[in-house]
Amino acid sequence: MTDHPLVPADFAVPRTLVAEGFRLEPLGEQHNESDLAAWTSSIEYIRAGAGFTGSWPPAEGMTPEQNLADLREHAADFEQRRGFTYTVLEPGADVVLGCVYIYPDREDPSVTKVRSWVRADRAELDAVLRRTVSAWLAESWPLRQVRYGPR
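**Quick notes on unusual backbone geometry**
For step 1, the next point in the chain: Here the phi dihedral of Arg81 falls at roughly 65°; this positive angle occurs in a residue that is not glycine.
For step 2, the next point in the chain: By secondary structure assignment, the location of Arg81 is in the loop between helix 3 (64–79) and strand 3 (84–89).

**Let's talk about the pairing of strand 6 (residues 145–148)**
For step 1, the next point in the chain: Here strand 5 (residues 111–118) runs beside strand 6; their pairing, made up of four bridges, is parallel. Along strand 6, the bridge assignment pairs Lys113 with Arg147.
For step 2, the next point in the chain: On the question of chirality, the crossover connecting strand 5 to the parallel strand 6 by way of helix 4 (residues 125–140) is right-handed.

**Let's talk about the packing of aromatic side chains**
For step 1, the next point in the chain: The full count for this structure, using the stated rule, is seven aromatic pairs.
For step 2, the next point in the chain: For the pair Phe78 and Tyr86, a centre-to-centre distance of 5.4 Å together with 80° between the ring planes defines the contact as edge-to-face. Here Phe78 matches Tyr86 in class, with each residue buried.
For step 3, the next point in the chain: With centroids separated by 5.4 Å and ring planes inclined at 80°, the aromatic side chains of Trp136 and Trp141 adopt a geometry described as edge-to-face. Across this residue pair, the class does not change: Trp136 and Trp141 are buried.

**Topic: the environment of Pro150**
For step 1, the next point in the chain: Summarising the element assignment, Pro150 is placed in the segment after strand 6.
For step 2, the next point in the chain: On the basis of relative accessible area, Pro150 is assigned to the exposed category, the value being 56%.
For step 3, the next point in the chain: In sequence terms Pro150 and Ser116 are 34 residues apart; their C-alpha atoms lie 9.2 Å from each other.

**Section: the nonpolar core**
For step 1, the next point in the chain: The biggest cluster of nonpolar side chains holds 24 residues, and the ones touching the most others in it are Leu24, Phe84, Tyr86, Val100, Ile102, Leu129 and Trp141.
For step 2, the next point in the chain: In terms of residue count, the dominant contributor to this core is helix 4 (five residues).
For step 3, the next point in the chain: In this structure Leu24 touches Arg15, Thr16, Leu17, Tyr86, Thr87, Val88, Val100, Leu129, Val133 and Trp136, once residues within four positions along its chain are discounted.
For step 4, the next point in the chain: Core analysis: the next-biggest nonpolar cluster, separate from the first, contains 15 residues, Ala38, Ile43, Leu71 and Cys99 among them.

**Side note on the pairing of strand 3**
Along a regular strand, successive side chains alternate from one face of the sheet to the other.
For step 1, the next point in the chain: Burial runs high along strand 3: six of the six residues are buried.
For step 2, the next point in the chain: The two faces of strand 3 match: Phe84, Tyr86 and Val88 on one face and Thr85, Thr87 and Leu89 on the other face are all buried.
For step 3, the next point in the chain: Bridge analysis of strand 3 against strand 4 (residues 96–104) gives six bridges, and the strand direction is antiparallel. Its bridge partner being in strand 4, Val88 is matched across the sheet by Gly98.
For step 4, the next point in the chain: The antiparallel pairing of strand 3 with strand 4 creates a hairpin that spans six residues between the two strands, and Gly92 there sits at a positive phi of about 75°.

Cut-off values and rules
Residues numbered from 1 in each chain as written. Predicted model: local features only at pLDDT ≥ 70, side-chain atom pairs only at ≥ 80, totals over all residues. Heavy atoms only, no water. Helix = DSSP H or I, 4+ residues; strand = E, 2+ residues; numbered from the N terminus. Pairing = 2+ DSSP bridges. Right-handed = clockwise from strand over helix to strand, strands pointing away. Phe/Tyr/Trp six-rings, centres within 6.5 Å; stacked < 30°, edge-to-face > 60°. Buried < 20%, exposed > 50% of the residue type's maximum accessible area, 1.4 Å probe, protein only. Core = buried A, V, L, I, M, F, W, Y, C linked by side-chain atoms within 4.5 Å. Contact = heavy atoms within 4.5 Å.

Any functional reading would require information beyond the geometric quantities listed.
In structure tokens form, the structure reads like this:
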């Protein structure tokens, strides 16, 4: 990751995206319990193909305190415009279904790398989320080159 902002200072970073079957909002401390439950219920599914193989999620899980620290790091990145993590929420509720990560590629910071995951019991949202986020980034964000991680 870089210390440089991912987007220009005059770009108003979207705080939400409402789509059929889900909504996005910035990941924050308020999501800790639901976020932890979502990914720990789906470790094998997430590792099977969401671009996280070998790195995340940790097979041994995390304590609520460790997860909260991770959420705080993502929130700080968002506020400093270095990267943007959105939680994928159930429409009309605060139940975490997954996450979307928008960060500069570590090997080539001119490329924006996008990864996402959904809970295993909501696997049908995976393709919809990818299509919706890809279109949103292309239409509404000032990113030159975007690479969405594999599924």
